[in-house]
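One letter stands for each residue in the lines below.
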Amino acid sequence: MNEIHHHLTLCAAEAGRVARAVTAEQLGAPSVCAGWTVRELANHLVLYSAHGLEHRALRTKLPDETTERDFTADTDWAERYAAQLDRALAAWERPGVWDGEVDTGYVTMPAPAIASLLVKELALHGWDLARSTGQEFTVPEDTAVFVLGVVEEHAEVYRRYEGFAQPVDVPDDASAFVRALALSGRNPKS
């Protein structure tokens with residue numbers, strides 16, 4: 001297992017744990033993501049961090065029926081999400097998967113770069129879901145440092161396309177994960 005896969009595995013486990021604790025009553029509530037309900041956020045997380053993760057490894061396009069699906073309509077959506085994360089992680093263990101490039105339909109990048117962005121997706125949107133439902137999202141310090149590096153590398157591009165808000169001020173001695181959240185425009189204190 002390489003370093004990126006290690007971080008994917010840790011963030012996937014934490015995102016799965018958070019999803020399992022979301023109640024049906026919370027799905028209709030507003031999330032910390034402006035204009036999204038918890039249901040919309042959960043569906044985004046399931047689609048891109050689990051199905052997208054697998055399809056990126058397989059170099060296949062996400063099927064339309066998957067992109068249009070309300071995963072949270074299933075009462076066992078969180079268990080299905082965890083199982084899909086396991087399949088996705090297994091897809092990234094196949095021989096040669098880390099070689100070459102991945103065409104997302106929007107951009108073509110080396111496989112390790114795409115996987116790094118998916119670590120960021122799991123960590124940031126996992127934190128969004130946790131924060132939206134009164135939970136914590138925690139990762140080990142080495143994973144937090146990795147996520148911060150990915151956010152630092154891509155923050156301006158994400159801001160240009162309105163994927164990130166303007167940075168939030170945090171103390172200089174804030175943890176790496178808090179700095180990653182703040183740089184992505186998330187308010188770690190909210």
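Everything discussed here concerns the structure shown above.
Quick caveat, the model's predicted, so the values are computed rather than measured.

**Q** Before we go on, may I ask you to explain the packing of helix α1 (residues 3-20) against helix α5 (residues 111-132) in this structure?
**A** When two helices pack together, their arrangement is given by the angle between the helix axes and the distance between those axes. Close contact between α1 and α5 brings their axes to 9 Å; oriented N to C, the two are set at 25 degrees. Classified by the angle between their axes, α1 and α5 sit roughly parallel to one another. When the axes of α1 and α5 are compared, the crossing they make is left-handed. In this structure, α1 contributes I4, H7, L8, C11, A12, A15, V18 and A19 to the contact, and α5 contributes P112, A115, S116, L118, V119, L122, A123, G126, L129 and A130. Looking at the contact of α1 with α5 residue by residue, the classes come out as 15 nonpolar, 3 polar and no charged.

**Q** Explain helix α7 (residues 176-183) to me, please; I cannot follow it from the model alone.
**A** Because an α-helix packs 3.6 residues into every turn, residues spaced three or four apart end up facing the same way. Buried within α7 we find A176, F177, A180, L181 and A182. For α7, the elements touching its buried residues are α5 and α6 (141-160). Taken from the residues just after α7, G185 is the one with a positive phi, measuring 90 degrees.

**Q** What am I meant to see in the layout of surface pockets here?
**A** Empty space among the atoms becomes apparent when a probe as large as a water molecule is rolled across them. Of the volumes computed, that of the largest pocket is approximately 1,400 Å³. What lines the largest pocket is a set of 40 residues, among which H44, K120, E121, Y158 and G163 lie closest to the centre. Those elements that provide at least two residues to the lining of the largest pocket are α2 (38-58), α5 and α6. For the lining of the largest pocket, the element with the most residues is α5, which contributes 9 residues. By residue class, the composition of the lining of the largest pocket is 19 nonpolar, 13 polar and 8 charged.

**Q** Help me out: how do you make sense of the state of the cysteines in this one?
**A** Counted under the stated rule, the structure contains 0 disulfides. Free of any disulfide, C11 has its nearest neighbouring cysteine sulfur in C33, separated by 16 Å. C11 sits in the buried class, given a relative accessible area of 0%.

**Q** What exactly am I supposed to notice about the environment of A111 here?
**A** Assignment of secondary structure puts A111 in helix α5. When its relative accessible area of 0% is taken as the criterion, A111 is described as buried. Sequence separation between A111 and E101 is 10 residues, and the spatial gap between their C-alpha atoms is 5.1 Å. Once you skip the residues sitting within four places of it in the chain, A111 turns out to touch R59, W92, V97, W98, D99, G100, E101 and V102.

**Q** Explain α1 here, please?
**A** Helix length check: α1 (18 residues) gives 26 Å between terminal C-alpha atoms against 26 Å at 1.5 Å per residue, within 8%. If you check which residues of α1 are buried, you get I4, H5, H7, L8, C11, A12, E14, A15, G16, V18 and A19. Put simply, N2 is the residue that caps the front of α1, since its side-chain oxygen is 3.0 Å from the backbone nitrogen of I4.

How each quantity is defined
- Residues numbered from 1 in each chain as written.
- Predicted model: local features only at pLDDT ≥ 70, side-chain atom pairs only at ≥ 80, totals over all residues.
- Heavy atoms only, no water.
- Axes fitted to C-alpha atoms, helices over the stretch in contact; angles between N-to-C directions.
- Helix = DSSP H or I, 4+ residues; strand = E, 2+ residues; numbered from the N terminus.
- Parallel < 35°, antiparallel > 145°, perpendicular 65-115°, else oblique.
- Left-handed = near helix turned anticlockwise from the far one by under 90°.
- Contact = heavy atoms within 4.5 Å.
- Nonpolar A, V, L, I, M, F, W, Y, C, P; charged D, E, K, R; others polar.
- Buried < 20%, exposed > 50% of the residue type's maximum accessible area, 1.4 Å probe, protein only.
- 1 Å grid on protein atoms, 1.4 Å probe; cavity = no way out; pocket = protein on both sides within 12 Å on 5 of 7 lines; lining within 4 Å.
- Points joined across faces, edges and corners; volume = space filled by probe spheres on them.
- Disulfide = S-S within 2.5 Å.
- Expected span 1.5 Å × (residues − 1).
- Polar contact = N/O pair within 3.5 Å; in protein donor to acceptor, adjacent residues only side chain to side chain.

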